[in-house]
Amino acid sequence: MVAPDRTGRVDLLVRGGVVLTMDDAWTVFEGDVAVEGGDIVALGPDLGIRATRVLEARGNAVMPGLVNAHMHEVLDRGLFEDLPFMRWLEEFALPKDKAYEPRHMRAAALMNQLEMIQGGTTAFIDIFRFPAEAAAVAERSGLRATFAPQLIDEPLGAGETLDSSVAFIEEWRDRVPDRIRTWFGPHAIYSCHEETFARVRELAGRYGVGIHTHLAESVAEVEIVRGRTGGLTPAAYLDRLLGLGPDVVAAHCIQLDDADVELLADRDVAVAHCPTSNMKLGNGVARVLEMQGAGIRVGLGTDSVMTNNNLDMVEEMRQAGLLQKLHRRDATVMSAPSLLRLATIGSARALGLGDRIGTLEVGKAADLIVVDLHTAHAWPAFRERGGNVAEHIVWSSNDSDVLATVVEGRVLMEDRVVETIEFDEIEELVDREARDLLAKAGVLDSVIGGTR
Ligand SMILES: [Zn+2]
């Protein structure tokens with residue numbers, strides 16, 4: 001069952017927790033997870049295996065790491081709030097994105113990746129600027145990452161270009177095998193030219209990489225596309241421009257009609273559902289249950305800290321559940337186990353990583369977290385046969401209850417002490433670089449005690 005090295009020890013043993021494997025049979029047990037060479041080599045009650053390093057998880061939950069299926073590693077949050085979506089995007093978000101320099105991106109990546117490690121996210125896809133800066137931070141932080149340089153034609157200079165995307169992919173695609181991937185990231189139908197999508201399709205095929213984009217996020221987008229095409233929906237139009245396929249992960253997908261749902265299912269497009277961002281921007285409620293019912297691979301994402309405003313995937317699960325229960329006026333939909341699966345194996349499958357991560361099974365990568373059940377808001381905790389552990393994590397926990405974060409068997413955080421990023425300096429760095437960015441964008445004065 002176990003393949004320890006010559007010393008009879010495995011690299012890592014996560015001991016004595018309530019293990020939620022998220023496998024198809026919903027296997028839950030109290031016991032251990034043994035890790036060797038980055039992979040899970042054994043799991044079960046009382047393995048009795050010696051290990052070079054032991055993470056004590058007794059009384060706490062052990063589960064697959066959370067997978068964020070859509071986010072942007074931006075530097076600013078808590079600014080430009082409460083505006084209509086297209087005005088927010090065109091007057092603030094995109095012009096400010098123009099002011100980014102690599103130094104701002106480095107600070108942003110440190111802030112975002114620190115927050116993710118602390119919050120139990122073990123893998124994410126980032127669609128934003130200067131991806132080489134963020135990838136260099138990920139190389140150090142130990143997180144599993146996919147970077148899609150955010151390609152924007154209009155307004156010019158607000159994002160990456162085809163050339164910069166290709167240069168990034170050439171530089172990074174083989175640099176950190178398995179753990180860091182490079183994709184294409186055309187921002188959206190309304191911000192990229194038609195011929196850009198055709199070029200992306202051709203280049204993605206040449207490099208064998210995926211494509212991440214935003215789709216059918218707002219009513220305004222629907223109207224733009226209808227006007228431009230004489231009646232097509234955003235999904236149908238993107239299919240014509242790009243040729244939709246299983247290598248495409250589309251964020252949001254709120255404005256879908258029945259034919260669109262059928263189209264995305266037929267093309268095996270994956271969808272990243274971002275309920276908090278969708279609510280905050282007033283964009284609507286994605287048809288998550290219909291999409292899942294049609295067989296679409298749906299994952300969960302936070303979107304950026306501009307529109308959330310945190311990267312708390314525990315909270316995101318709860319938001320996803322509450323939103324559907326309210327919207328459908330049906331308390332029976334989106335159970336705790338289904339939400340845990342959405343944020344783990346659901347997102348993993350959406351990102352094409354379902355064979356490697358998303359569940360705790362022998363042979364899969366050891367991407368896992370330990371969640372505290374000894375907090376007052378998780379009482380009473382019943383642990384036998386899974387008890388009410390899944391319900392506590394989804395309905396009463398938050399990301400600061402994550403005690404340990406492990407990726408490929410490497411401990412990134414134990415007892416809430418992050419081991420891969422020196423975070424004492426980051427707060428100052430972020431403050432300094434964010435001020436610099438906003439000053440360069442010409443909005444610093446207006447966002448500090450300015451217009452309300
Ligand atoms: Zn987004």
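Structure: see above.
Please read all numbers here as calculations on a predicted model, not as lab measurements.

## Some remarks on the overall build of the protein
Secondary structure summary: the protein contains 15 helices and 19 strands in total. The C-alpha atoms of the protein give a radius of gyration of 21 Å, which matches the 22 Å a tight globule of 452 residues would have. A principal-axis box enclosing the C-alpha atoms of the protein has dimensions of 65 × 45 × 45 Å. A burial count over the protein gives 53% of its 452 residues as buried. Of the contacts formed within the protein by residues at least 6 apart in sequence, a portion of 74% connects residues at least 24 apart.

## Digging into the packing of helix α3 (residues 131-141) against helix α4 (residues 162-172)
For the pair α3 and α4, the least separation of the axes is 10 Å and the interaxial angle reads 25 degrees. Accordingly, the angle class assigned to the pair α3 and α4 is roughly parallel. Crossing of α3 over α4 shows right-handed handedness. Two secondary-structure elements touch here, α3 through P131, A132 and A135 and α4 through F168, E171 and W172. A class-by-class count of the residues in the contact of α3 with α4 yields five nonpolar, no polar and one charged.

## Some thoughts on the pairing of strand β8 (residues 144-147)
A two-sided burial pattern is seen for β8, the buried positions comprising R144 and T146 on one face and A145 and F147 on the other. In terms of strand pairing, strand β7 (residues 121-126) meets β8 through four bridges, oriented parallel. Bridge pairing in β8 places F124 opposite A145. Between the parallel elements β7 and β8, the chain passes through α3 in a crossover that is right-handed. Across three bridges, β8 lies against strand β10 (residues 180-182) in parallel orientation.

## Comments concerning helix α5 (residues 194-207)
Taking 1.5 Å per residue as the helical rise, α5 with its 14 residues ought to reach 20 Å, and the 21 Å between its terminal C-alpha atoms agrees with that figure. On the buried face of α5, the contacting elements are β9 (150-151), α4, β11 (185-186), β12 (211-215) and α7 (234-242). Among the residues trailing α5, G208 stands out with phi positive, at a value near 65 degrees.

What counts, and where the lines are drawn
- Residues numbered from 1 in each chain as written.
- Predicted model: local features only at pLDDT ≥ 70, side-chain atom pairs only at ≥ 80, totals over all residues.
- Helix = DSSP H or I, 4+ residues; strand = E, 2+ residues; numbered from the N terminus.
- Rg over C-alpha atoms; globule rule 2.2 N^0.38 Å.
- Buried ≥ 20, exposed ≤ 12 C-beta atoms within 10 Å, placed from the backbone.
- Contact = placed C-beta atoms within 7 Å.
- Axes fitted to C-alpha atoms, helices over the stretch in contact; angles between N-to-C directions.
- Parallel < 35°, antiparallel > 145°, perpendicular 65-115°, else oblique.
- Left-handed = near helix turned anticlockwise from the far one by under 90°.
- Nonpolar A, V, L, I, M, F, W, Y, C, P; charged D, E, K, R; others polar.
- Pairing = 2+ DSSP bridges.
- Right-handed = clockwise from strand over helix to strand, strands pointing away.
- Expected span 1.5 Å × (residues − 1).

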